[in-house]
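# Results of the structural survey
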Amino acid sequence: MTKTRNRYGVAMAGVVLHLMIGGVYAWSVFTKPISQQTGWRETAVSFAFSLAIFFLGMSAAFMGRLVEKFGPTVTGTIASICYGSGIALTGLAVQSHQLWLLYLAYGVIGGLGLGSGYVTPVSTIIRWFPDKRGLATGLAIMGFGFAALLTGPVAQKLMATVGVANTFYILGAFYFLVMIVAAQFIKKPRPHELPQAIAQNAQRLSLTGQELTANQALRTRTFAFLWFMFFINITTGIGLVSAASPMAQNMTTMTASAAAVMVGILGLFNGFGRLAWATLSDYIGRPLTYSLIFILDIAMLFVLLFFKTPFIFALALCLLLSCYGAGFSVIPAYLGDVFGTKQLGAIHGYILTAWAAAGMVGPVLLSYTHQVLHNYYVTLVAFVIIDVVAMLVSVLIQRDFVGSKSTREID
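Residues numbered from 1 in each chain as written. Predicted model: local features only at pLDDT ≥ 70, side-chain atom pairs only at ≥ 80, totals over all residues. Heavy atoms only, no water.

The subject of this paragraph is the overall build of the protein. Helices and strands together make up the secondary structure of the protein, namely 16 helices and zero strands. For 411 residues, the compact-globule estimate of 2.2 N^0.38 gives 22 Å, and the protein sits close to it at 21 Å. In terms of its C-alpha atoms, the protein occupies a principal-axis envelope of roughly 60 × 50 × 35 Å. Taken over 411 residues, the protein has a buried fraction of 56%. Across the protein, every contact between residues at least 6 apart in sequence was considered, and the portion connecting residues at least 24 apart equals 85%. With an accessible surface of roughly 16500 Å², the protein has 69% of that area assigned to carbon and sulfur atoms. With 24 positive and 12 negative side-chain charges, the protein shows a spacing of 7 Å between the two charge centroids. (Helix = DSSP H or I, 4+ residues; strand = E, 2+ residues; numbered from the N terminus. Rg over C-alpha atoms; globule rule 2.2 N^0.38 Å. Buried < 20%, exposed > 50% of the residue type's maximum accessible area, 1.4 Å probe, protein only. Contact = heavy atoms within 4.5 Å. Areas by Shrake-Rupley, 256 points an atom, 1.4 Å probe, with all protein chains shown as cover. Lys, Arg positive; Asp, Glu negative; His and termini not counted. Charge placed at Lys NZ, Arg CZ, Asp CG, Glu CD.)

Right, let's get into the side chain of Glu68. The residue Glu68 is located in helix H3 (residues 42-70) in this model. The class of Glu68 is buried, set by a relative accessible area of 17%. At a separation of 3.0 Å, a polar atom in the side chain of Glu68 contacts the side chain of Arg127. (Polar contact = N/O pair within 3.5 Å; in protein donor to acceptor, adjacent residues only side chain to side chain.)

To continue, consider the pattern of salt bridges. Taken as a whole, this structure holds five salt bridges when the rule is applied. Of the charged contacts, one joins Glu68 and Lys188 as a salt bridge, the two residues approaching to 3.6 Å between their closest N and O atoms. With Glu68 in helix H3 and Lys188 in the loop between helix H7 (164-183) and helix H8 (196-202), this pair connects stretches of sequence that are 120 residues apart. Judged by relative accessible area, Lys188 falls into the partly exposed class, the value being 25%. One salt bridge connects Arg286 with Asp337, and the closest N-O pair in it is separated by 2.7 Å. A residue pair is termed long-range when its members are at least 10 positions apart, and Arg286 in helix H12 (residues 286-306) and Asp337 in helix H13 (residues 310-339) qualify at 51 residues. (Salt bridge = Lys/Arg side-chain N within 4 Å of Asp/Glu carboxyl O.)

So, about a nonpolar patch on the surface. A cluster of nonpolar side chains, contributed by Leu149, Val261, Ile265, Leu268, Phe269 and Phe272, occupies part of the molecular surface with about 490 Å² of accessible area. In terms of residues, the nonpolar patch owes the most to one element, helix H11 (residues 256-284), which gives five residues. Within the element layout of this structure, Val261 appears in helix H11. Taking relative accessible area as the criterion, Val261 reaches 53% and is therefore assigned exposed. (Patch = residues over 30% accessible without salt bridge, like charges linked within 9 Å, V, L, I, M, F, W, Y side chains within 5 Å.)

A separate point is the packing of H3 against helix H4 (residues 72-96). Two quantities define a packed helix pair, namely the angle between the axes and the distance from one axis to the other. Where H3 contacts H4, the axes come no closer than 7 Å and their chain directions differ by 135°. With respect to H4, the element H3 is oriented oblique. Within the contact between the two elements, H3 uses Met63, Leu66, Val67 and Phe70 and H4 uses Pro72, Val74, Thr75 and Ile78. Tallied by class, residues from the contact of H3 with H4 come to seven nonpolar, one polar and no charged. (Axes fitted to C-alpha atoms, helices over the stretch in contact; angles between N-to-C directions. Parallel < 35°, antiparallel > 145°, perpendicular 65-115°, else oblique. Nonpolar A, V, L, I, M, F, W, Y, C, P; charged D, E, K, R; others polar.)

The subject of this paragraph is H13. Taking 1.5 Å of rise per residue, 30 residues should cover 44 Å, and H13 covers 43 Å from first to last C-alpha, within 8% of that figure. The sharpest bend along H13 comes to roughly 35°, located at Val330, with the proline Pro332 sitting one to four residues further on. Burial analysis of H13 places 25 of its 30 residues in the buried class, the great majority of the element. Just past H13, the residue Gly340 takes up positive phi, approximately 85°. (Expected span 1.5 Å × (residues − 1). Bend = angle between axes of the 7 residues up to and from the residue.)

A few words now on unusual backbone geometry. One non-glycine residue, His97, adopts positive backbone phi at about 60°. Mapped onto the elements of the fold, His97 is located in the loop between H4 and helix H5 (99-128). Residue classification places His97 among the partly exposed positions, given a relative accessible area of 39%.

Another point: the confidence of the model for the protein. Confidence in the prediction for the protein averages 87 pLDDT; 93% of positions are at 70 or higher. Taken together, the stretch residues 406-411 has pLDDT below 50 and engages in 21 contacts with residues farther than four places along the chain or on a different chain. (pLDDT = per-residue confidence, 0-100.)

Counted by the stated rule, this structure contains 21 aromatic pairs. On the basis of an interplanar angle of 55° and a centroid distance of 6.4 Å, the ring pair of Phe174 and Tyr175 is categorised as tilted. By relative accessible area, which is 43% here, Phe174 ends up partly exposed. Here Tyr175 falls in the buried class, since its relative accessible area comes to 5%. With centroids separated by 5.5 Å and ring planes inclined at 10°, the aromatic side chains of Trp227 and Phe231 adopt a geometry described as stacked. (Phe/Tyr/Trp six-rings, centres within 6.5 Å; stacked < 30°, edge-to-face > 60°.)

Turning next to the environment of Met142. Tracing the backbone through its elements, the reader meets Met142 in helix H6 (residues 133-162). Counting along the chain gives 201 residues from Met142 to Gln343, while the straight-line C-alpha distance between them is 23 Å. Non-local contacts of Met142, meaning those with residues more than four positions away in its chain, are made with Thr137, Gly271, Arg274 and Leu275.

The next subject is the environment of Gly359. Topologically, Gly359 is positioned in helix H15 (residues 353-373). Residue class for Gly359 comes out buried when judged on its relative accessible area of 16%. In this structure the C-alpha to C-alpha distance between Gly359 and Ile234, which are 125 residues apart in sequence, comes to 7.5 Å.

Turning to the environment of Gly111, a few remarks are in order. Here Gly111 shows up in helix H5. The spatial distance from the C-alpha of Gly111 to the C-alpha of Ile53 is 6.3 Å, given a sequence separation of 58 residues. Once you skip the residues sitting within four places of it in the chain, Gly111 turns out to touch Ala52, Phe55, Leu56, Ser59 and Tyr106.

Laid out in structure tokens, this is it:
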């Protein structure tokens, strides 16, 4: 008789994998040291991060299909090879002063590793926890949000001890070893491996009762709406992340040191928000949760516009960052509720292309308007407007489910 595997062990392996690739959020720690050693402008070095996020989102689309076809262990192994070698080659780029190699190594190869690593555990963990989809994805994706808090101090210590290039060699080897081991434990549940009570309890979470393929899901109006909502959520959040410190100093009396502390706290809210909102969604449903995310976004953006007290301003940013993190953790469970888990990895991969687009739009929009107008007010107003539109779309989706309980194809 085949032994039943522990679903919590699979979930823990997924958390570990995301803790490794989430180190991408600590890139700002490397920007200045790389610039000082190579003579490259900091903006040129920072572009490697944008490139990595772009390739994360774009590669996730086809990597999601590979998860369904070959299994999460295969894509997890691909992620360990790409991400580990990308980080190591970044060290070679710094050592040899080759900017093109930095973009190829960290942006392209590392980005491919990020995309394959990001989609590997999520749909698999949802299959193991069909009764607690929000909690499961919240745990896995929380690891991605918190990783920078671990990677940042370790990287700073290493750079001070062994130098910048050697730091990337060490991190690349470490990421590869940990990820390739973790990938071997991330496997889909076999038929009837889950207790019958769990499978039956999962039925109440389905919004449609359907099990669609990725191609069928792409043709629905609901997918288009969810993509748009996800795009707006990330555009707002990543735009604020990219300028949180200068914005706080410019719009309030906050000092640079206080703003630096605030940025660290924002990371905590980004991480905890992923778990808290996703867990809440198990109780109140994904459609209502997403509507509440946009309502809170709009309210806190108004606070940023009209309140100049540093504490209130920082609190509003913290809540906005919790909503930003929530978008990542709630959307996989939402997709599972609507389209089923038959090809959830592929569907999740397609929705992540919104991340690639938003990663370019949000920061660029905010920095460009600030450069031209010398203030952040116009961009914040623009964020309010697009969040209102996204909230209306979210409410429209809720009405669809209440009225028909089925998805409709785009005309």
